[in-house]
Structure formats: structure tokens, C-alpha cells
Amino acid sequence: MTRIEFMQGNIACAEGALAAGCRFFGGYPITPSTEVAEHMAKMMPKVGGVFIQMEDEIASISSIIGASWTGVKAMTATSGPGFSLMMENIGYAAITETPIVIINVQRGGPSTGQPTMSAQGDMMQCRFGSHGDFSIIALTPSTVQEMYELTVKAFNLAEEFRCPVFLMSDETIGHMRERIEIPDSVDVVNRKELEKGKLPYETDADNPVPGFPTFGHGHRVHVTGLTHDARGYPDTTNHKTHSDLVRRLVGKVESKRHEIADYDIAGTDAEIVFLTYGPATRTVRQIMKDSPDLKIGHINLRIVWPFPENVLKEFPNAKVFIVPEMNMGQIGREVARHTPVKVVYLPKLGGDMHTPQDLMEAYDREKALIGGGN
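For clarity, every value in this text was computed on a predicted model and none was experimentally measured. (Residues numbered from 1 in each chain as written. Predicted model: local features only at pLDDT ≥ 70, side-chain atom pairs only at ≥ 80, totals over all residues. Heavy atoms only, no water.)

Caption draft 1: Local environment of the packing of helix α1 (residues 9-20) against helix α2 (residues 34-43). Between α1 and α2, the least distance of the axes is 8 Å, while the angle of their chain directions is 45°. Classified by the interaxial angle, the pair formed by α1 and α2 is oblique. Seen along the crossing, α1 lies across α2 with a hand that is right-handed. Each of Asn10, Ile11, Cys13, Ala14, Glu15, Ala17 and Leu18 in α1 lies in contact with α2, whose residues at this interface are Glu35, Val36, His39, Met40 and Met43. (Axes fitted to C-alpha atoms, helices over the stretch in contact; angles between N-to-C directions. Helix = DSSP H or I, 4+ residues; strand = E, 2+ residues; numbered from the N terminus. Parallel < 35°, antiparallel > 145°, perpendicular 65-115°, else oblique. Left-handed = near helix turned anticlockwise from the far one by under 90°. Contact = heavy atoms within 4.5 Å.)

Caption draft 2: Structural context of helix α5 (residues 87-96). With eight of 10 residues buried, α5 lies mostly within the body of the structure. Within the span of α5, buried status applies to Met87, Asn89, Ile90, Gly91, Ala93, Ala94, Ile95 and Thr96. Within two residues after α5, Glu97 carries a phi angle of roughly 55°, on the positive side. (Buried < 20%, exposed > 50% of the residue type's maximum accessible area, 1.4 Å probe, protein only.)

Caption draft 3: Fine view of α1. Over its 12 residues, α1 extends 16 Å from the first C-alpha to the last, a length consistent with the 16 Å expected when each residue adds 1.5 Å. In terms of burial, α1 is largely enclosed, as 10 of its 12 residues are buried. Along α1, the residues classified as buried are Gly9, Asn10, Ala12, Cys13, Ala14, Glu15, Gly16, Ala17, Leu18 and Ala20. Backbone geometry just downstream of α1 places Gly21 in the positive-phi region, at approximately 105°. (Expected span 1.5 Å × (residues − 1).)

Caption draft 4: Quick look at the side chain of Thr143. Counting through the fold element by element, Thr143 comes out in the loop between β7 (137-139) and α7 (144-161). With a relative accessible area of 17%, Thr143 lands in the buried category. At 2.9 Å, the side chain of Thr143 forms a polar contact with the backbone nitrogen of Glu146. Dropping the residues within four chain positions of it, Thr143 is found in contact with Ile173, Glu178 and Arg282. (Polar contact = N/O pair within 3.5 Å; in protein donor to acceptor, adjacent residues only side chain to side chain.)

Caption draft 5: Fine view of the packing of aromatic side chains. A full pass over the atoms with the stated rule returns five aromatic pairs. Each member of the aromatic cluster is reached from another via a ring pair, and the members are Trp69, Phe212 and Phe215. Cation over ring: Arg191 sits above Phe212, and NZ or CZ is 4.6 Å from the ring centre. (Phe/Tyr/Trp six-rings, centres within 6.5 Å; stacked < 30°, edge-to-face > 60°. Lys NZ or Arg CZ within 6 Å of the ring centre and 35° of its normal.)

Caption draft 6: Highlighting the sheet that holds strand β11 (residues 272-276). One open sheet accounts for five strands, arranged β10-β12-β11-β14-β15; its pairing is mixed. In this open sheet, the two strands that pair with only one neighbour each are β10 (263-266) and β15 (342-347). Across the sheet, the mean angle separating the axes of adjacent strands is 20° when strand polarity is ignored. Of the strand pairs in this sheet, β10 and strand β12 (residues 297-301) are connected by four bridges, and their pairing is antiparallel. Bridge assignment links Asp264 to a residue of β12, and that residue is Asn300. Against the sheet, helix α13 (residues 356-369) makes contact with β11, β14 (320-325) and β15, and its axis sits at roughly 155° relative to β15, the strand it touches most. (Pairing = 2+ DSSP bridges.)

Caption draft 7: How the structure looks around the packing of α1 against α7. It is the contact of α1 with α7, at a shortest axis distance of 7 Å, that shows an interaxial angle of 35°. Remark: the crossing between α1 and α7 carries right-handed chirality. Packed against α1, whose contacting residues are Gly9, Asn10, Ala12, Cys13, Glu15, Gly16, Ala17, Ala19 and Ala20, the element α7 presents Val144, Met147, Tyr148, Thr151, Val152 and Phe155 at the interface. Looking at side-chain class alone, the contact of α1 with α7 contains 10 nonpolar, four polar and one charged residues. (Nonpolar A, V, L, I, M, F, W, Y, C, P; charged D, E, K, R; others polar.)

Caption draft 8: Molecular detail of unusual backbone geometry. Note the cis peptide between Gly109 and Pro110, where omega equals 5°. In this fold, Pro110 is placed in the loop between β5 (100-108) and β6 (114-118). Backbone torsion omega between Trp305 and Pro306 reads -5°, so that peptide bond is classified as cis. Considering the arrangement of structural elements, one finds Pro306 in the loop between β13 (303-305) and β14. Even without a glycine there, the phi angle at Arg162 is positive, about 50°. One can find Arg162 in the loop between α7 and β8 (164-170).

Here it is, written out as C-alpha cells:
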């Protein structure tokens with residue numbers, strides 16, 4: 001039976017990880033993500049899992065990569081400077097195709113910035129922060145319920161695609177407390193073991209994700225961050241080997257971008273459309289509830305990467321997309337790449353959420369410019 005709880009977002013994230021089968025957590029405490037680690041430290045011994053507090057965030061992500069190769073589902077949680085320290089090994093996880101989940105409860109930056117305040121300034125970093133070409137998946141909760149549900153989904157996607165998957169939360173959602181429904185069980189995806197007789201990185205056009213050669217299961221596998229062939233052996237000077245590998249790392253995610261996409265929409269006949277993720281989603285929903293007579297379109301993204309550009313086509317009458325973000329316009333620029341329609345950036349810095357007044361002022365300005373029809 002579903003149980004009802006009143007729960008903090010970070011705790012809901014940890015509960016979602018446990019429900020998804022996470023049995024290793026390696027991390028280092030950092031505001032505002034620390035409650036995730038605290039709850040995992042408390043719960044891991046009860047479910048037969050392992051919690052290790054590492055000496056820093058470089059060691060933290062290294063530990064979950066190693067743990068994943070033993071066959072367990074592994075996660076870390078961090079924020080701000082800790083996320084930056086993880087970048088090199090995020091690339092290592094990508095090229096070795098190691099399924100891991102990274103929770104980033106974002107705070108104000110750059111550098112130490114605002115440790116206790118909310119922001120969304122790491123959205124481009126999670127996609128492009130580590131060097132080279134590869135693809136990742138990033139989920140963006142806007143409620144405590146979604147902290148639970150999208151953490152489960154993050155593990156499932158990591159297992160399915162063998163790549164690093166990010167839950168890009170923020171201090172607002174991480175620290176708020178809300179009613180949450182926790183089911184007895186959730187749908188869980190487990191990784192596909194490497195078939196006997198197959199090479200560790202052997203794939204074909206129909207299945208670009210190789211089976212996983214778990215350590216201790218009798219497979220012969222060489223794991224390296226160097227360009228490698230199907231055996232896992234370094235082949236760094238072969239142009240074709242490198243091209244084929246990188247194109248597959250990108251393609252295994254990008255070729256499924258429309259299946260991965262997760263969003264909801266409202267007001268598809270509107271001329272003025274808000275596109276949000278995270279806290280601003282709550283504000284748009286509030287003004288739509290308070291002003292039901294206004295013709296407002298809304299796109300809420302639960303997965304930002306890969307970016308679901310097809311959602312923009314769901315609004316054939318759109319004359320402007322307004323993108324409120326707690327940064328200087330990171331995803332707004334991505335929206336502008338995919339549409340000829342006007343895009344209005346609505347940045348919010350300093351740790352505060354967008355207020356209904358902020359959004360209504362933007363709406364009224366654009367309404368006046370397009371003639372007041374909607």
C-alpha cells in the first residue's frame with residue numbers, strides 16, 4: 001500500500017535511491033545536499049548496502065565508479081564546488097560506460113558563492129563540464145514527490161543507457177517539505193550482463209549499449225579512460241576506433257532523445273508560453289491557478305538533457321517563449337537554438353525564487369508587444 005509522508009526533498013531523493021536498488025553511496029558532505037548523505041548513512045546498513053564518507057568529491061565519484069563495476073547501483077550527492085571537482089571522472093564514467101547517478105543540489109556560484117541559497121547555475125556544466133564529446137541524461141524535479149520519482153528514474157536510465165545520469169535539483173526543492181506518496185514498490189531496470197562469448201564493448205547497430213562485464217563474474221575486461229576497442233584495450237592513435245567510440249557514446253543517448261523526453265504541457269493554443277524546470281514550475285502553476293482566465297501556455301521539463309526540442313512544436317500559435325531560470329539564461333539559450341519564435345530570458349539571481357509578480361510582469365509586457373490578444 002502507498003504510504004503518505006511529510007518529507008524533505010533531499011530525504012525523498014535518498015528514499016527514491018533506496019527503492020531503485022542503490023546499495024552504495026560514496027560522498028562528502030556539502031550544503032545544501034548533506035541530508036541526502038545523512039539519510040543514506042542511516043539507511044544503508046538496514047538494506048545491506050554500504051555508505052562511505054570519502055575525503056573529498058574526487059574520491060566520492062571515484063568510489064561510486066568502482067562500486068558500479070562490482071555490479072551494485074551507486075550514487076553520490078554534492079553541490080557547487082564539489083560538482084566541479086567531479087568533472088574529470090564524469091568523463092571517465094562516460095567513456096567507460098559506467099552507470100552512476102550524481103545528485104546535484106544546486107546553490108549560488110561561482111566558487112563558494114551562496115552555500116545556503118538556491119540556484120540553477122550548473123545546467124550547462126552537467127552537460128558540457130567534462131572535456132570531449134559524449135551525452136548524458138539530466139532530470140529536473142520541481143516537487144518533493146518528483147525528488148523521489150525522478151531519482152528512481154535516474155537509476156533506471158543509468159542502467160539502461162550505461163552512462164552518468166544527473167538529478168539536477170536545487171536548494172529550494174532539496175530543503176522544502178511536502179506531502180509525498182511512497183508506493184510499496186517501483187518499476188526497476190537492472191543492467192544487462194555481458195553475454196558469454198561477447199567482447200566487453202561489443203555492440204551492433206541495433207543495440208549500441210554493450211552488456212556489462214561485472215567484476216567477479218568471470219569476464220575478462222580492461223577498463224580504461226583511453227580510447228579503446230571492443231576488447232577494452234587502448235587504441236589511441238587509430239582514427240576510426242576513436243571516431244566510432246565517440247559517435248556511439250553520443251548516439252546511444254541522442255538516438256533515443258524523444259523516448260527519453262519527460263515533460264508536461266498546458267495551454268497549447270496560447271501565444272505566450274512559459275518554459276520552466278525546477279522551482280519556477282511551481283510559480284507558473286500558481287499563476288495559472290490564480291488566474292484561470294488568462295491564456296497561458298506552459299512547458300514543464302522533468303528531463304532537460306537531452307533537450308526535448310520537439311515539445312516546442314506543441315505550441316503552434318506561440319509568439320514568445322518566456323524562460324524563467326535561477327541563472328543568467330542557460331536553458332533559455334538552448335530553447336533559442338531550436339525555435340525561430342522569440343525567446344525572453346527571465347534570470348533570477350541571489351537565491352530567491354521567481355514570484356508570481358515577476359512572471360505576471362513579464363507576461364503583461366509580452367502581451368502588450370504582441371497586441372494584447374492573449
